[in-house]
Amino acid sequence: MKTSYIFILSVVLSTIPFANAIENTNHTITSGTFGVAWLDSNGIVRVFDGQTVTEPVPKVKIYMAATADLLEEGSDQLLFLDDARKSLHLYSFKTKKLLGPFGNNIKTFATGQWSGEESFPSLFASTFSGNSFRWTKEVMEKGWLPVPGDFVQVTSGKLNPNNKFDDFIVVTDGNLYFFSPKWLTYSRGSMDDNIVALLTGNFTDSPADDIIVSDRLGFTYLCLLQNHTVESLTAQKVSCMTLGKNGENLDSLYALDNRKKPIVYNRESKSWKDVPFQNAFSCTDIITRTDSDGKGHELFVVGNENLYQIAADGTVKQLSDQKASKIMLKSGDKIIADYRFGNVPFKPYIEKLRTLSGRNILRDAPYDHLHHHGLMFAIAVNGCNFWEESSPKYGKQITVSINPQPEVETSSLESELDWKNGDSKTLIKEHRKISVSAEENVTLLDWQTTLNAGEHGVNLDKSNHHYFGLGLRFDQTMDKNGRFFSDSTSNKFDVVRGDERLTECKWMAYTAKLNGEPVTVAVFGHPSNPIPTMAFTMGDSGKSFAYLGITLNLHRQPVEMKPNSSLTFRYRVAVWDGEVTPETVSKFGTSGL
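How each quantity is defined
- Residues numbered from 1 in each chain as written.
- Predicted model: local features only at pLDDT ≥ 70, side-chain atom pairs only at ≥ 80, totals over all residues.
- Heavy atoms only, no water.
- Helix = DSSP H or I, 4+ residues; strand = E, 2+ residues; numbered from the N terminus.
- Rg over C-alpha atoms; globule rule 2.2 N^0.38 Å.
- Buried < 20%, exposed > 50% of the residue type's maximum accessible area, 1.4 Å probe, protein only.
- pLDDT = per-residue confidence, 0-100.
- Contact = heavy atoms within 4.5 Å.
- Pairing = 2+ DSSP bridges.
- Axes fitted to C-alpha atoms, helices over the stretch in contact; angles between N-to-C directions.
- Phe/Tyr/Trp six-rings, centres within 6.5 Å; stacked < 30°, edge-to-face > 60°.
- Lys NZ or Arg CZ within 6 Å of the ring centre and 35° of its normal.
- Core = buried A, V, L, I, M, F, W, Y, C linked by side-chain atoms within 4.5 Å.
- Salt bridge = Lys/Arg side-chain N within 4 Å of Asp/Glu carboxyl O.

Student: What exactly am I supposed to notice about the overall build of the protein chain here?
Tutor: Looking only at helices and strands, one finds one helix and 49 strands in the protein chain. Whereas a compact globule of 593 residues would reach a radius of gyration of roughly 25 Å, the protein chain reaches 25 Å, a difference of no more than 12%. Taken along its principal axes, the extent of the C-alpha atoms in the protein chain is 80 × 50 × 45 Å. Taken across its 593 residues, the protein chain has 60% of its residues classed as buried.

Dropping the structure here:
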């Protein structure tokens, strides 16, 4: 039945039970019978049940979440992948139990009805190694069931209303494919190779579910299955999308625009319209929750670490009270980097660093090295190790002050830090400045650290670790088949162990595939730095993870800082979509840094 545009947002929340899980293309917020669950900027899941906020699994860092009743409990479970081993976990709100981990190395998943004979849904997952599997409660303690294919995005829907089971829609290398559980076969969709996110739902008056996709530039499209064509919804760029259920009427489509504000698609004008929104903060996620009768929905957004409900008149109700713990660094309308300084156990760091197309190259606290935090700076001072984190003997970098405050999106920040040992004694102070910019197809991050010795002086210690300094841990998909190169192929390098090397150079670059698409990252040391630029690299053998940094070479030449003396180190990190030449890298050196 074709209807006009409907905008239904309930005001009362706590008196209505939650129902019907809703998808979000960011996979960092979801809703179900338990309420609304979202990931804070530290990867911890928080749940609003209609009255209070809880943290059901506070010790597990998560990178992707969804909702379904895989256990046939009559109420939804929270399904999520942990950020350490990329394993599946299920949290039951009915039994208050956490089940898992199940499997490992999973990069994405979705749930759907696999066949008409089964009453419970299946989980359809793909791994970083290129294999796909089906998982149900029947194989919970057994091996996963292999299925064909390798994909980076997946959802499910009733593409054939005559079938009792769902079809799964997947994205491989940016292309859309339909997977039939009945025949275990794929058929190619009509989109080109640029899809990054997709949703299914009742968007048109077609008897089958519709597919809505967004491309690498953030534009949205409607896939019309009945005539195998693609219709552009508008030229509006969006960062994530979600659908709101309206009973038998058509779904409402919401998104966040490039201002990070909520918008809704108006079918009558065929354009995006602003959702009434009476607050100034930027949003990071958006989701709906279906009313118990299925005839309407409520709208929620996440911003400043907190969950908010938006009423139909634009009134915003804050449902949680979490102090923001990171600053978003932007150039123009593009968020380049996320700087995390709150709720960190040992050191502030750049959690995410993006290309111009918005792809994050960094990985935070992987299970093999929990102390690897994206882009970070740490050394040893007076015998205290500020790099590693597994002992009370290790030090902590404490943020004393930061400007601007987290609620402000900015192109730069400055912060004062105290480096304290295990006895909470300040050994050294740091003044840190970080700024970002975007130009000529590259994003740039400039990092300046000034170490102040204080009245007693300190030693920047010699240790057995040849990598202390500035370091980047890359996204897991960049670990294999990458290539390092520097400003001169004649540069000598020292093999320290395995594929770990030190190279004196002006800059060192690494090119690899991030989720199947190439990126290039380069790190520069400023010529005025008190210690010559010594690049540390590992991982080009394919036998270990990839890492890139600039070491202070303290394992060979420790530095004694006199009382009240200071040392300033300046670095630049450049990130490109695609592969670039050494000549291109050299253009973005340290001029202006």
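On we go.
Student: Would you mind showing me how to read the confidence of the model for the protein chain here?
Tutor: Per-residue confidence for the protein chain averages 86 on the pLDDT scale, and 93% of its residues sit at or above 70. Segment residues 1-20 is flagged for pLDDT under 50; beyond a separation of four residues in sequence, or across chains, it makes 71 contacts in the model.

Student: Would you mind going over the sheet that holds strand S25 (residues 285-290) with me for this structure?
Tutor: Within the open sheet, the four strands sit side by side as S25-S26-S27-S28. Their pairing is antiparallel. Two strands bound the open sheet, and with one partner strand each, they are S25 and strand S28 (316-318). Averaged over all pairs of adjacent strands, the angle between strand axes in this sheet comes to 30°, irrespective of strand direction. Alignment of strand S27 (residues 306-310) against S28, held across three bridges, turns out to be antiparallel. For Gln309, the partnering residue across the bridge sits in S28 and is Lys317.

Student: Hey, could you run me through the packing of aromatic side chains in this one?
Tutor: Two descriptors summarise a pair of aromatic rings, namely the distance from one centre to the other and the angle between the planes of the rings. Summed over all chains, the structure comprises 30 aromatic pairs. Their ring planes at 45° and their centres at 6.1 Å tell us that Trp114 and Phe179 sit as a pair that is tilted. Of this pair, Trp114 sits in the loop between strand S9 (106-112) and strand S10 (122-127) while Phe179 sits in strand S15 (residues 175-180); the two residues are 65 residues apart in sequence, bridging distant segments of the chain. Here Trp114 and Phe179 have matching classes, each one buried. Look at Trp387 and Phe468: their rings are 5.5 Å apart centre to centre, the planes differ by 20°, and that puts the pair in the stacked class. A residue pair is termed long-range when its members are at least 10 positions apart, and Trp387 in the loop between strand S34 (384-385) and strand S35 (396-403) and Phe468 in the loop between strand S39 (458-460) and strand S40 (469-473) qualify at 81 residues. Over the ring of Tyr63 we find Lys86, and its NZ or CZ is 4.9 Å from the ring centre.

Student: In this structure, what is going on with the nonpolar core? I would like to understand it.
Tutor: Burial of nonpolar side chains together is a common tendency in soluble globular proteins. Ile350, Leu353, Ile361 and Leu460 are the most contacted members of the largest nonpolar core, which totals 70 residues. Ranked by residue count, the leading element in this core is strand S49 (residues 566-577), at five residues. In contact with Ile361, not counting residues within four places along its chain, are Leu353, Thr355, Leu472, Arg473, Phe474, Asp475, Met478, Leu514, Val521 and Val575. If you look at the next biggest cluster of nonpolar residues, it comprises 18 residues, including Ala68, Leu71, Leu81 and Phe102.

Student: What am I meant to see in the sheet that holds S10 here?
Tutor: Within a beta sheet, neighbouring strands are joined by backbone hydrogen bonds and run either parallel or antiparallel to one another. Judged by pairing direction, the sheet is antiparallel, and its four strands sit side by side in the order S9-S10-S11-S12 without closing on themselves. Edge positions in the sheet fall to S9 and strand S12 (145-147), since each of these pairs with one other strand and no more. Adjacent strand axes in the sheet meet at a mean angle of 30° when their direction is disregarded. Relative to strand S11 (residues 132-135), S10 runs antiparallel, the two sharing four bridges. Among the inter-strand pairings, Ser126 is bridged to a residue of S11, identified as Ser132.

Student: Any chance you could explain the side chain of Thr410 here in plain terms?
Tutor: Among the secondary structure elements, Thr410 is positioned in the loop between S35 and strand S36 (412-420). Residue class for Thr410 comes out buried when judged on its relative accessible area of 14%. Not counting residues within four places of it along the chain, the set of residues in contact with Thr410 comprises Ile327, Met328, Leu329, Lys330 and Pro404.

Student: I tried to follow the pattern of salt bridges on my own but got confused; where do I start?
Tutor: Side chains carrying opposite charge are able to pair once their charged atoms draw close together. Under the definition given, this model contains 26 salt bridges. In this structure, Asp368 engages Arg473 in a salt bridge whose closest nitrogen and oxygen atoms are separated by 3.1 Å. On the criterion of sequence distance, the pair formed by Asp368 in the loop between strand S31 (349-353) and strand S32 (375-378) and Arg473 in strand S40 is long-range, its members being 105 residues apart. Glu500 serves as the salt-bridge partner of Arg497, at 2.9 Å between the closest nitrogen and oxygen. For Glu500, a relative accessible area of 9% gives the class buried. Taken together, the shared-partner salt bridges in this structure form one network comprising Lys326, Asp338, Arg340, Glu351 and Arg354.

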